[in-house]
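Topology and contacts: notes
Residues per chain, in single letters:
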Amino acid sequence: MSRHKLLLYLTLFFFSLQPSIAQEKKNSPVTIVIPSSAHVRIIFGAEKLKQALTKAGYQATITQGTRASGNQQIVVGLWSDNTVKQVASAYALTAVKDTIKEGFSIQKDAQKPLLIAGTDPSGALYGCLELASQLTETGKLPEKISLTDKPEMVLRGTCVGVQKPIYLPGRDVYEYPYTPETFPWLYDKALWIRYLDMMVENRYNSLYLWNGHPFASLVRLKDYPYAVEVDDATFKKNEEMFRFLTEEADKRGIWVIQMFYNIIVSKPFAEHHHIKTQDRNRPIVPLIADYTRKSIAAFVEKYPNVGLLIALGEAMEGVGQDDVDWFTKTIIPGVKDGLKALGKTTEPPIVLRAHDTDAPRVMKAALPLYKNLYTEAKFNGEALTTYTPRGKWAELHRTLSNIGTVQIENVHILANLEPFRYGSADFIQKSVQAMHSVYGANGLHLYPQASYWDWPYTADKTSPRLLQLDRDWIWYKTWGRYAWKSGRNRPAEVAYWGNQLAEKYGLSLDKGKDVLEAYEQTGEISPKLLRRYGITDGNRQTLTLGMLMTQLINPFRYGLLTLLYESEAPEGEMIIDYAEKDWKNEKHIGETPIQIANEVVEHGKKAVEAIDKAAGAVTQHKDEFARLRNDVYCQDAMANFYAQKARAALAVLRYKYSNDVRDLDKALPLLESSVNHYADLVKLTKDTYLYANSMQTKQRKIPMRGIDATYKTWEEMLPVYQKELTRFKHTIDSLKSTTTAIAKAPVLLKPALVTIQSPQVETYTLEKEQRVFTDTSATISDVAPELKNLKGLKLAKANMQSERTSLTFTATEPVKLLVGFFTEKNPKYLPTPELETDASANDYGQSEIKISNAILVNGLPPVNIHTYSFKAGKHTLNLGKGACLLLGFMDGNQEITPFDAGLAGNKKNIDWLFE
């Protein structure tokens, strides 16, 4: 044999031995050493690491308290543990000076044990999970590693709503006792384990349970035994489940936080005392305060390791001294009472939700009394609209962040995203970066991506139904990844997510990146549409169901939330602003409606191209990929629907100024095209989705009011848009055939007789020169003629501003009370009913403006009229503090088609083109 051949033979022989050598090394025992009195989180982390080792082919065991030796040992613990100190000294390491919570170090050199050292038990747990992740990815333990990591955000939490898409019989909003009949999933331990495992895998450390009044399902009160809302068997199940959930969560480093609204009492308690379960405008009374304080005390005594999230607004009058008093004189004392009963002084955390309350004022009063406080506020309202928040909303967040406690960013309902899948890593990463850089926040509270009210299911029409946990894996993974570390390199992130999606669908990396491209292109569509065309950032609007033309051309009629444009969007123009500037040849500012129309169409086109590129190569989870692909097509159709309708709206608004019917002619083909795209959307969703919006109650208003779970599908909405188009065609024809405009006679409102029990009031006719308050000289300067037959109720303005206005009356048939709200936002005036802040704002059908700019009063802002509907019988209406006008009662069966009376400036109304 020649020397060359011998060398080649030996080389081949050596390499042929490598797999067996490697396999022998993998099969050799690996011992995981943990402290003898290890924390449950360290034990849990070691078990997860053992599972990964076993799956990779290692023989793994766990021992406690063993002295470390040899390179086939993995030592896990805290820097303060003796075994860790021993190994650390071998690496010439000392305990890290950076003691940030949940941090960890992983060290390995040849012939030395592998070290996982945490600054606390959670850090050690995350260190184990990090090593297990690398082991799963590479298939072997690293021979050398030096890694230190820690989270950026202090709190990284997800949310589960213990609530329903509809109200329970005989109950109001948020009132859902914990029972197996209402929430079977709440008692599914296997599902909870899967969910908690997902959380710890993504390094979430807090779980928020949302419910209106959970205490009556979880504690018994000695003084109010009748307040419990569930039977004995269910009560025991609830106790067991809460213990199970908190123990399993603790193993994974997850803090359970129970949320509740104020002021809500249990139904049995309310019935016993002949009061309502909730009434936003009632004052704080000793009975309710005592019941709430004792409920909180009993809860803290029973579950001292569970945190509390307090929503002061919505169910009690927001922004006032009542909020301060309730928090400092009822809630905090309740927590302290519970601690005293336990003989403990360690304060459980309390999170104050800054929704519909003056959170800085409340915190200023509370911090001297209680130190372990956090604040929380919505990132983009109840939607995802921008990663460049600004304006007053940004200022509020910065104020909360500067208090000195941790400010948590709540990614709330996401009413503009559901039900379609969302996984734009780029948008989410930039959003988390904005939480730090713009808001100064250091915590995340993440809602489900869609179907919050229908947990744990998605809206997909499948059998069995899909779980949010499975379908929306990328939603949880992206937010968790960037909450841990937001400043990751963008090219590396494209590769990371490309790999994740490639593994999910059995694709090459390039095809995985195509799927990511589809996610990121569609990820821009809904945020841009809402922030430039929407009415509200709240869940009273279902963006994916579309919008009426009147909502685009006259948004103020529908209770426009201007915060959406002023703070939760880049600087730019609404459709109505753009049309006026265009007519006046003025320069446009920032992001414009036409720009967005063009951009969303392009996003949809690119998304379809990207998802189609990957489609033919999918080898795994083909059914789910098909659903994802259909979602992309849905969002493309939706983008085109909105783009064409926005263009049509601008042409229609030009007619408002020009009176030239040719502008309407230009709008017609655009509106026809929009309806055709919506028909495509109907085809794409008809057999794939159960609904568009998981909130199926009267709170939902746009595009249509969602009474009794109606108008929740695209198929239901298509006839509405077709009718709108037909009406528009007919109107154009009528305008062309009529040479002289005929003035439309006002429809007079029919007065109704009622008997007012309290307070004693005098009445006045709704005409010019009439005084509207008993204690001021303010008189009517102009009034809509439709009101001429009604009689207003004259009250003292000062009393309305200092005390809640209450009206008790009896009606023999259905009636509507007309209430005039001054258009200026000012504590002196009664706030307009807004579902964004007040869940009861439509209990009487009052949330919609019926007549805009209906009355002018000398020295006061213009007045918009809302109506409150009542059946025959005796009623008491509580309106809260602030001046308003009670403009009399009308026939309850007469309908008012909403319109703008136009008394405040030249505001020509053109809604009649479509109605």
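Every value quoted in this text rests on a predicted model; they were computed, and no experiment measured them. (Residues numbered from 1 in each chain as written. Predicted model: local features only at pLDDT ≥ 70, side-chain atom pairs only at ≥ 80, totals over all residues. Heavy atoms only, no water.)

Here we take up the overall build of the protein. When you go through the protein residue by residue, the secondary structure sums to 25 helices and 25 strands. In summary, the protein has a C-alpha radius of gyration of 31 Å against a globular reference of 29 Å for 915 residues, a match within 12%. When its C-alpha atoms are laid out on the principal axes, the protein stretches across 115 × 70 × 45 Å. By the burial criterion, 58% of the 915 residues in the protein qualify as buried. Pairs at least 24 residues apart make up 75% of the contacts formed inside the protein by residues separated by at least 6 positions. Total accessible area on the protein stands at roughly 36,800 Å², and carbon and sulfur atoms take up 52% of it. The averaged location of the 105 negative side-chain charges in the protein is 3 Å from the averaged location of its 111 positive side-chain charges. (Helix = DSSP H or I, 4+ residues; strand = E, 2+ residues; numbered from the N terminus. Rg over C-alpha atoms; globule rule 2.2 N^0.38 Å. Buried < 20%, exposed > 50% of the residue type's maximum accessible area, 1.4 Å probe, protein only. Contact = heavy atoms within 4.5 Å. Areas by Shrake-Rupley, 256 points an atom, 1.4 Å probe, with all protein chains shown as cover. Lys, Arg positive; Asp, Glu negative; His and termini not counted. Charge placed at Lys NZ, Arg CZ, Asp CG, Glu CD.)

Before going further, it helps to examine the packing of helix H9 (residues 286–302) against helix H10 (residues 321–342). One way to put it is that H9 packs onto H10 with a least axis distance of 7 Å and a crossing angle of 35°. Note that H9 runs across H10; the crossing there is right-handed. Along its contact with H9, which presents Ile 288, Ala 289, Thr 292, Arg 293, Ile 296, Ala 297, Val 300 and Glu 301, the element H10 presents Trp 326, Lys 329, Thr 330, Ile 331, Pro 333, Gly 334, Val 335, Asp 337, Gly 338, Leu 339, Ala 341 and Leu 342. Tallied by class, residues from the contact of H9 with H10 come to 12 nonpolar, four polar and four charged. (Axes fitted to C-alpha atoms, helices over the stretch in contact; angles between N-to-C directions. Left-handed = near helix turned anticlockwise from the far one by under 90°. Nonpolar A, V, L, I, M, F, W, Y, C, P; charged D, E, K, R; others polar.)

This part takes up the pairing of strand E2 (residues 59–64). Summarising the sheet, strand E1 (residues 29–34) and E2 pair through six bridges and their orientation is parallel. From the neighbouring strand, Ile 34 faces E2, where its bridge partner is Gln 64. In this fold, the crossover linking E1 to E2 by way of helix H2 (residues 40–55) has right-handed handedness. (Pairing = 2+ DSSP bridges. Right-handed = clockwise from strand over helix to strand, strands pointing away.)

Our focus in this paragraph is helix H22 (residues 622–658). For H22, built from 37 residues, the straight-helix expectation of 54 Å at 1.5 Å per residue is met to within 8% by its first-to-last C-alpha distance of 54 Å. With 26 of 37 residues buried, H22 lies mostly within the body of the structure. (Expected span 1.5 Å × (residues − 1).)

Okay, the nonpolar core next. Counting residues in each nonpolar core, the largest one holds 137 residues, and the members touching the most others are Trp 192, Tyr 195, Leu 207, Phe 327, Trp 475, Trp 479 and Val 515. Excluding its chain neighbours within four sequence positions, the residues that come into contact with Trp 479 are Tyr 204, Leu 384, Val 411, Ile 428, Ser 431, Val 432, Met 435, Leu 444 and Leu 446. (Core = buried A, V, L, I, M, F, W, Y, C linked by side-chain atoms within 4.5 Å.)

Spatial strand order, E2-E1-E3-E5-E4-E6: six strands in an open sheet with mixed pairing. Of all the strands in the sheet, just E2 and strand E6 (145–149) have a single pairing partner and so form its edges. For this sheet the average axis-to-axis angle between neighbouring strands, irrespective of direction, equals 15°. Together, E1, E2, strand E3 (73–78) and strand E5 (114–118) form the strand contacts of H2, whose direction differs from that of E1 by roughly 170°.

Looking at the protein, the pLDDT average stands at 91 and 94% of residues meet or exceed 70. Considering only residues more than four positions removed or in separate chains, one finds that residues 3–24, a stretch of pLDDT under 50, has one contact. (pLDDT = per-residue confidence, 0-100.)

So, on to unusual backbone geometry. The omega torsion across Asn 262 and Ile 263 is -5°, close enough to zero to call that bond cis. Mapped onto the elements of the fold, Ile 263 is located in the loop between strand E9 (255–262) and helix H8 (267–273). The omega torsion across Ser 463 and Pro 464 is 0°, close enough to zero to call that bond cis. Tracing the chain through its elements places Pro 464 in the loop between strand E14 (443–446) and helix H14 (468–471). For Tyr 174, which is not glycine, the phi torsion reads 75° and is therefore positive. Relative to the helices and strands, Tyr 174 resides in the loop between strand E7 (155–161) and helix H5 (189–201). Its relative accessible area of 7% is what places Tyr 174 among the buried residues.

Read across the open sheet, the three strands follow the order E15-E19-E23; overall the sheet is antiparallel. Taken across any chain shown, the strands that pair with only one partner, and hence form the sheet edges, are strand E15 (754–758) and strand E23 (873–880). Neighbour-to-neighbour, the strand axes of this sheet turn through a mean angle of 30°, independent of strand direction.

Centre-to-centre distance and the angle between the planes together describe a pair of aromatic rings. Considering all chains together, one arrives at 46 aromatic pairs under this definition. When the ring of Phe 242 is compared with that of Phe 299, the centres are 6.0 Å apart and the planes differ by 75°; the resulting orientation is edge-to-face. Of this pair, Phe 242 sits in helix H7 (residues 232–251) while Phe 299 sits in helix H9, placing them 57 residues apart in sequence. Where Tyr 678 meets Tyr 721, the ring centres are 4.8 Å apart and the plane angle is 70°; that geometry is what we call edge-to-face. Taken together, the residues Tyr 678 in helix H23 (residues 661–686) and Tyr 721 in helix H24 (residues 714–737) connect sequence positions 43 residues apart. In terms of burial, Tyr 678 and Tyr 721 fall into one category: buried. These aromatic residues form a ring-pair network of at least three members: Tyr 176, Phe 183, Trp 185, Trp 192, Tyr 195, Trp 455 and Tyr 476. (Phe/Tyr/Trp six-rings, centres within 6.5 Å; stacked < 30°, edge-to-face > 60°.)

Time to look at the packing of helix H17 (residues 509–533) against H22. When two helices pack together, you describe them by how their axes are tilted relative to each other and by the distance separating the axes. Remark: H17 packs on H22, axes separated minimally by 10 Å, with the N-to-C direction vectors making an angle of 35°. Our pair here, H17 against H22, has a crossing hand that is left-handed. Touching Val 515, Ala 518, Tyr 519, Thr 522, Ile 525, Ser 526, Leu 529 and Tyr 533 of H17 are Phe 625, Leu 628, Val 632, Gln 635, Met 638, Ala 639, Tyr 642 and Ala 646, all from H22. For the contact of H17 with H22, the residue count by class is 13 nonpolar, three polar and no charged.

In this section: the pairing of strand E22 (residues 863–870). A regular strand places its side chains on the two faces of the sheet in alternate fashion. Counting buried residues along E22, seven of its eight residues qualify, which places the element largely inside the surrounding structure. Strand direction decides the pairing type here: strand E20 (residues 815–822) and E22, joined by eight bridges, are antiparallel. Bridge pairing links Leu 818 to Thr 867 in E22.

It is worth spelling out the pattern of salt bridges at this point. This structure, assessed with the given rule, holds 52 salt bridges. The partner of Lys 302 in a salt bridge is Glu 239, with the nearest N and O atoms 2.5 Å apart. Here the residue Lys 302 occupies a position in helix H9, and Glu 239 occupies one in helix H7, the gap between them amounting to 63 residues. (Salt bridge = Lys/Arg side-chain N within 4 Å of Asp/Glu carboxyl O.)

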